[in-house]
Amino acid sequence: MSTKIAGSFAAQVAEGIPAELPEAPPDAPGVNRAPRRRNVLSAAESALALKNALRYVPAKHHARVAPELAAELENDGRIVMRRYRPHYDMHARPIDQYPAKSRQAAAIMLMIQNNLDPAVAQHPYELVTYGGNGAVFQNWAQYRLTMRYLAEMTDEQTLVLYSGHPLGLFPSHGDAPRVVVTNGMVIPNHSTPADYERLSALGVTSYGQMTAGSFMYIGPQGIVHGTVITLLNAGRKYLGTGPEALAGRLFVTSGLGGMSGAQAKAAVIAGAVAIVAEVNPKAVKTRFEQGWVMEVESDLDKLLLRAEAARRAKEAVSIAYQGNVVDLWERLAKEGVAVDLGSDQTSLHNPFGGGYYPAGMSFADGERLLRDDPGAFAAAVKDSLRRQVDAINALSARGMRFWDYGNAFLLEASRAGARVKRDDGSFAYPSYVEDIMGPMCFDFGFGPFRWVCTSGSGEDLEVTDAIAGQILEEMAASAPEDVKRQILDNARWIRAAAGNRLVVGSQARILYADASGRERIALAFNAAIADGRIRGPVVLGRDHHDVSGTDSPYRETANVRDGSNLTADMAVHNVIGDAFRGATWVSLHNGGGVGWGEVINGGFGMVIDGSEAAGRRIRSMITWDVNNGIARRAWARNEGAEQAIRRAMEADPRLSVTLPEHADDRLVHDALNKKGTRPV
Ligand SMILES: NC(=O)c1ccc[n+]([C@@H]2O[C@H](COP(=O)([O-])OP(=O)(O)OC[C@H]3O[C@@H](n4cnc5c(N)ncnc54)[C@H](O)[C@@H]3O)[C@@H](O)[C@H]2O)c1
């Protein structure tokens, strides 16, 4: 028997998994659905997957539910337990509306709901927040159980989440994290994409991406900010741009999806002419209707004329090319168009599962080929990548500066046999972290600090904007030259942030700050909560795409060149250190951005409520969260990081970091040659 769910939001949360079967909620029109996937499991494994999912369902309902879950596995390749999606609206509520004994737990409930809000999440019904597979939970039963635990728990307990599965509440203490999350942790020899497909279909692992699985995604604002910073610094580094930023410069890229869609908006904020190719007409329509991309063109002749006119007039404009990016690059190369900056943001972390659509066919035909003949689809993807790279190489030879945008473009292109490597085996193009974010931001501690006002009030957000802006301006006045430009970029950003109207979902804000900037802003927020200028707790956090949280040789740690870029000690230490220094929740993930098995990343959330205890946690944790990564980057001989960690040691005598001695290259060369070893 199934029952129609009734009762208040609080009552439904408290119920967790109801004793009687709930009816599946109706699907709202227009909600973006995840593409269907093949069931990759054998018959015996499918039985195991079904038994695994039924662990969440009262046994008396198994006969009714089992066929339904089997159908999900067959049709979607995994079991999301659609019947258990709640009937109430999914969005962040003001913190006081959450049924909870712990304010910290209530804040976490707010963040979870925000990450599943249909206005925020990419495939909300499949619990995917962004990046195609970045999941908050594996299934709706896990969501329900977790919300119930959070409602029940006290500040003397910690909730343990294994890839979305709530293992339970365990006794702890008031200064411990309320929630500890891991996503996708596997034995290293079982960390291939095929392992992921199998283990996630079995219901025993999950791809948390970065902020999705740690409840810290705040909608597109985060990525717009990061992209603006990248483009401004790319202009400085590659084109020598000054105060005019990218006015009159042409930037060509692809992707109008979850994160990639930010490129169009960010390019306009940076003053550029941007052409962004997007093969999925639905994604083009969404971004155009949102005003994120200003014009749409599917005729390449007209597109080129329009872009040239905009460039001459120094007009900041974003134009979507509705079509395959391969066609765009080949045409630009054929005409010899003077492209200044180039990149790519198709979802190549998932190359053969729908992240990249092959040239020579429509989007719909590509989807059909993927479902009917995955082998032919993969071959067509590889062929397209080779063509795309040939065109990019031709334009680069004429002066274009191209970078990999953290989507595994160079990795997958090289695996496809495209000409992206130099003779010595290194990639011919830098990743945006290797050249831009790493040496210009991360090495100095600048990274994506963010916060959410749990009152849900826009006025509170304005107060936080004003506080943060003032602190940045004060810091810029006395900052050394190498960090001053970054601080000023962010001061400008925060002053214009409300006007750019980027809030979607919770009242959230992002900016890049270094260790002392983050600590000063956090302490100032805590003081403002204490004296009532901010009317509720604030959640502090960050993207994992940061100084210390992520070991990723093709992205965050691409500019770590002492050979340790294949190790993951930093990300693991970062999360352990955050956990015992005061984080309210911590998370550690395999995968994220560049793909399963390619990265370990972690993050935190910290709820501050104006109390002295919150101040103590800020002082204990925030600088660790940044400085441990700077220390590691300094040990890798990164110049900016050495300067930054020396300054941090001067500011706090308790900090004492091992610094490298620098060996003379000639001496090393001679030493090896004397031994008869190959010269370095
Ligand atoms: N923006 C950043 O700073 C940043 C940071 C880290 C990682 N990334 C990476 O960027 C990638 C994109 O992320 P997303 O969230 O936008 O993913 P997404 O899947 O939502 O968007 C990618 C878009 O590319 C389009 N596309 C695929 N093949 C195409 C082709 N051949 N021609 C034209 N368009 C094509 C798809 O239709 C889709 O809309 C991911 O791999 C992500 O990990 C971006």
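Residues numbered from 1 in each chain as written. Predicted model: local features only at pLDDT ≥ 70, side-chain atom pairs only at ≥ 80, totals over all residues. Heavy atoms only, no water.

Enquirer: Go over the overall build of the protein, please, and point to the residues and values.
Expert: Helix and strand counts for the protein stand at 23 helices and 19 strands. In terms of overall dimensions, the protein is globule-like: its C-alpha atoms have a radius of gyration of 25 Å, near the 26 Å expected for 680 residues. Summarising its shape, the C-alpha atoms of the protein cover approximately 70 × 60 × 60 Å along the three principal directions. Expressed as a percentage of the 680 residues in the protein, the buried residues total 59%. (Helix = DSSP H or I, 4+ residues; strand = E, 2+ residues; numbered from the N terminus. Rg over C-alpha atoms; globule rule 2.2 N^0.38 Å. Buried < 20%, exposed > 50% of the residue type's maximum accessible area, 1.4 Å probe, protein only.)

Enquirer: Just give me the short version of the confidence of the model for the protein, but keep the residues and values in it.
Expert: Mean pLDDT over the protein stands at 95; residues scoring 70 or higher make up 98%. Note that pLDDT drops below 50 for residues 1-6; the model gives that stretch 19 contacts with residues more than four away or on any other chain. (pLDDT = per-residue confidence, 0-100. Contact = heavy atoms within 4.5 Å.)

Enquirer: Account for the packing of aromatic side chains, with residues named and values stated.
Expert: Two aromatic rings, taken as a pair, are described by how far apart their centres are and by the angle between their planes. Counted by the stated rule, this structure contains 20 aromatic pairs. Between phenylalanine 251 and tryptophan 403 the ring centres are 5.8 Å apart and the planes differ by 5°, which places this aromatic pair in the stacked class. Linking phenylalanine 251 in strand S8 (residues 250-254) with tryptophan 403 in the loop between strand S13 (401-402) and helix H15 (409-415), this pair joins segments that are 152 residues apart in sequence. A relative accessible area of 1% means that phenylalanine 251 is categorised as buried. Ring-pair connections join several aromatic residues into one group, and the members of that group are Tyr238, Phe251, Trp403, Tyr405 and Tyr432. In this structure, arginine 85 packs its charged tip against the face of tyrosine 125, placed 3.5 Å from the ring centre. (Phe/Tyr/Trp six-rings, centres within 6.5 Å; stacked < 30°, edge-to-face > 60°. Lys NZ or Arg CZ within 6 Å of the ring centre and 35° of its normal.)

Enquirer: Can you lay out the pattern of salt bridges for me, pointing to particular residues and giving the numbers?
Expert: Per the stated rule, a full pass over the model turns up 50 salt bridges. For arginine 542, the salt bridge goes to aspartate 546, with nearest N and O atoms at 3.4 Å. What makes aspartate 546 buried here is its relative accessible area of 0%. Via salt bridges that share partners, Asp27, Arg33, Arg36, Asp76, Arg82, Arg85 and Glu126 belong to a single interconnected network. (Salt bridge = Lys/Arg side-chain N within 4 Å of Asp/Glu carboxyl O.)

Enquirer: Please provide a residue-by-residue account of the sheet that holds strand S11 (residues 317-322), values included.
Expert: Two modes of strand pairing occur in sheets, parallel and antiparallel, and in both the strands are linked by backbone hydrogen bonds. Across the sheet, which stays open at both edges, the six strands sit in the order S10-S11-S9-S8-S12-S13 with parallel pairing between neighbours. At either end of the open sheet lies a strand with only one pairing partner, and these are strand S10 (295-297) and S13. Direction of pairing for strand S9 (residues 273-278) relative to S11: parallel, over a ladder of six bridges. By the bridge assignment for S11, valine 276 is matched with alanine 320. (Pairing = 2+ DSSP bridges.)

Enquirer: Requested: an account of the pairing of strand S5 (residues 157-162), with residues and values cited.
Expert: On a regular strand, one side chain projects to one face of the sheet and the next to the other, so that they alternate. Relative to strand S6 (residues 165-171), S5 runs antiparallel, the two being bridged by six bridges. If you follow tyrosine 162 over to S6, its bridge partner there is histidine 165. From the end of S5 to the start of S6, which pair antiparallel, there are two residues, and serine 163 there has a positive phi angle of about 45°. Where S5 and strand S7 (residues 179-183) come together, four bridges link them in parallel fashion. Considered in S7, the bridge of leucine 161 is made with valine 181.

Enquirer: Could you give an account of the site of the ligand, naming the residues involved and the relevant values?
Expert: Near the ligand there are 29 residues, and of these Ser260, Glu278, Ser347, His349 and Arg555 occur at the shortest range. At 3.2 Å, a side-chain N or O of asparagine 324 approaches a nitrogen atom of the ligand. In the model, a nitrogen atom of the ligand is placed 3.0 Å from a nitrogen or oxygen of the valine 325 main chain. About the coverage of the ligand: the protein hides 95% of its 860 Å² of free accessible area. Looking at the shell around the ligand residue by residue, the classes come out as 10 nonpolar, 17 polar and two charged. (Near = heavy atom within 4 Å. Polar contact = N/O pair within 3.5 Å; in protein donor to acceptor, adjacent residues only side chain to side chain. Areas by Shrake-Rupley, 256 points an atom, 1.4 Å probe, with all protein chains shown as cover. Nonpolar A, V, L, I, M, F, W, Y, C, P; charged D, E, K, R; others polar.)

Enquirer: So what's going on with the environment of histidine 190? Residues and values would help.
Expert: Positionally, histidine 190 belongs in the loop between S7 and helix H6 (193-202). Exposure remark for histidine 190: the relative accessible area of 45% places this residue in the partly exposed category. Distance from histidine 190 to leucine 246, taken between C-alpha atoms, is 45 Å for residues 56 residues apart in sequence. What histidine 190 contacts, discounting residues up to four positions off in sequence, is Asp195 and Trp596.

Enquirer: Go over the packing of helix H7 (residues 221-239) against helix H16 (residues 432-440), please, and point to the residues and values.
Expert: Put simply, H7 and H16 touch, their axes get as near as 10 Å, and they point 100° apart. With respect to H16, the axis of H7 lies roughly perpendicular. Contact residues: H7 offers Ile229, Thr230, Asn233, Ala234, Arg236, Lys237 and Tyr238, while H16 offers Tyr432, Asp435, Ile436, Met437 and Met440. Its residues placed into classes, the contact of H7 with H16 shows seven nonpolar, two polar and three charged. (Axes fitted to C-alpha atoms, helices over the stretch in contact; angles between N-to-C directions. Parallel < 35°, antiparallel > 145°, perpendicular 65-115°, else oblique.)

Enquirer: Describe the pairing of S8, naming the residues involved and giving the relevant values.
Expert: The buried fraction of S8 is high, at five of five residues. A two-sided burial pattern is seen for S8, the buried positions comprising Leu250, Val252 and Ser254 on one face and Phe251 and Thr253 on the other. Looking at chain direction, S8 and S9 are connected through five bridges and run parallel. Pairing of leucine 250 across the sheet is with valine 273, part of S9. You can see the chain leave S8, run along helix H8 (residues 262-269) and come back into S9, and the turn it takes is right-handed. Summarising the sheet, S8 and strand S12 (residues 341-342) pair through two bridges and their orientation is parallel. (Right-handed = clockwise from strand over helix to strand, strands pointing away.)

Enquirer: Describe the nonpolar core, naming the residues involved and giving the relevant values.
Expert: Formed by 143 residues in total, the largest nonpolar core has its most connected members in Ile112, Tyr143, Trp403, Trp451, Leu511 and Leu540. It is helix H4 (residues 103-116) that contributes the most residues to this core, nine residues altogether. Core analysis: the second largest hydrophobic core is formed by 43 residues, Val317, Val339, Phe402 and Val420 among them. (Core = buried A, V, L, I, M, F, W, Y, C linked by side-chain atoms within 4.5 Å.)

Enquirer: Outline the packing of H7 against H8, listing residues and values.
Expert: The interhelical angle for the contact between H7 and H8, taken along N-to-C directions, is 50°, at an axis separation of 8 Å. Overall, the two elements H7 and H8 adopt an arrangement that is oblique. Crossing of H7 against H8: the hand is right-handed. Here H7 contributes Ile223, Val224, Thr227, Val228 and Leu231 to the contact with H8, which in turn contributes Ala262, Gln263, Lys265, Ala266, Ala267 and Ile269. Class assignment of the residues belonging to the contact of H7 with H8 gives a composition of eight nonpolar, two polar and one charged. (Left-handed = near helix turned anticlockwise from the far one by under 90°.)

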